[in-house]
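The chain contents come next:
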Amino acid sequence: IEKDEKLEKIRQLGFGTKNVETLPEGYVVEGDILLTKELLNKVNAPRNGKTDQYHTNMLVSLPSSGIRTIAISLGPDFPAAYSNGLNEAINRYNTVGLRLVFTRVTSSANINIVTGSLLRPDGTRALGRASFPSNGNPGNQITIDLLAFNGSTDVNFIVSVLAHEIGHT
């Protein structure tokens, strides 16, 4: 996609077009949202530019009756505080009473949390980045930049970041 066309599609989807980062799998917008090239071509309700909240049609589909279970795994390179943080983030989602139930697994996950460098072009680091749902399924990856946490093992902070990124997926 040409640069101007790419930015226009991002804008039409309701996302900011400032500091868009191009990756082989797609485009990072607003610092932590990965829009794959496939998702960029989908029609979406525009975002209300007056608030930080927005509506998207890129959602996880639910069964007509019952609940849907989403399995999440945490890669092996994380300190123990991240394991505890993920358990708590899952617990918080599950206590809300959604028709989505999250469970922790070691393999065959719907959402995989991995470590990676999220160095931005301006030299700062993003804490995390997540992919959006596609075709009714959750985004399949959350990347966490451990260097951005500066060695912090504050579980409440980790829970907040993980829950935020899970929300994107």
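Please refer to the structure higher up on the page.
Owing to the predicted nature of the structure, the values given are computational and were not obtained by experimental measurement.

Cut-offs used in this document
Residues numbered from 1 in each chain as written. Predicted model: local features only at pLDDT ≥ 70, side-chain atom pairs only at ≥ 80, totals over all residues. Heavy atoms only, no water. Buried < 20%, exposed > 50% of the residue type's maximum accessible area, 1.4 Å probe, protein only. Helix = DSSP H or I, 4+ residues; strand = E, 2+ residues; numbered from the N terminus. Pairing = 2+ DSSP bridges. 1 Å grid on protein atoms, 1.4 Å probe; cavity = no way out; pocket = protein on both sides within 12 Å on 5 of 7 lines; lining within 4 Å. Points joined across faces, edges and corners; volume = space filled by probe spheres on them. Nonpolar A, V, L, I, M, F, W, Y, C, P; charged D, E, K, R; others polar. Phe/Tyr/Trp six-rings, centres within 6.5 Å; stacked < 30°, edge-to-face > 60°. Axes fitted to C-alpha atoms, helices over the stretch in contact; angles between N-to-C directions. Contact = heavy atoms within 4.5 Å.

### A word on the pairing of strand β7 (residues 128-131)
On any regular strand, side chains alternate: one points to one face of the sheet, the next to the other face. Alternating residues of β7 divide into Gly-128 and Ala-130 and Arg-129 and Ser-131, and every residue in both groups is buried. Pairing of strand β3 (residues 33-36) with β7 involves two bridges; the strand directions are parallel. Note that in β7 the partner of Leu-34 across the bridge is Ser-131. Where β7 lies against strand β8 (residues 141-144), three bridges are found, and the strand directions are antiparallel. Across the sheet, residue Gly-128 finds its bridge partner in β8, namely Ile-144.

### Quick look at the layout of surface pockets
By volume, the second largest pocket is sized at about 200 Å³. Lining the second largest pocket we find Lys-18, Asn-19, Val-20, Glu-21, Val-28, Glu-30, Gly-31, Arg-120, Pro-121, Asp-122 and Arg-129. Partitioned by chemical class, the residues of the lining of the second largest pocket number three nonpolar, two polar and six charged.

### Remarks on the packing of aromatic side chains
Evaluation of the coordinates by the stated rule reveals five aromatic pairs. Aromatic pair Tyr-82 and Phe-149: ring centres 5.4 Å apart, planes at 75°, arrangement edge-to-face. Taken together, the positions of Tyr-82 in helix α3 (residues 80-94) and Phe-149 in the loop between β8 and α4 (155-168) put the pair 67 residues apart, joining distant regions of the chain. Note on accessibility: Tyr-82 and Phe-149 belong to one class, buried. One aromatic cluster in this structure is built from Phe-78, Tyr-82, Phe-149 and Phe-157.

### Comments concerning the sheet that holds β7
Within a sheet, each strand pairs with its neighbour through backbone hydrogen bonds, oriented either parallel or antiparallel. In space, the eight strands of this open sheet follow the order β1-β2-β3-β7-β8-β6-β4-β5, with mixed pairing throughout. Of all the strands in the sheet, the pair left with one neighbour each is β1 (21-23) and β5 (100-104). When strand polarity is set aside, the average angle formed by the axes of neighbouring strands in this sheet is 25°. Strand direction decides the pairing type here: strand β2 (residues 26-29) and β3, joined by four bridges, are antiparallel. Note that in β3 the partner of Tyr-27 across the bridge is Leu-35. Its contacts with the sheet place α3 against β4 (68-74), β5, β6 (111-115) and β8, and it is angled at close to 160° to β5.

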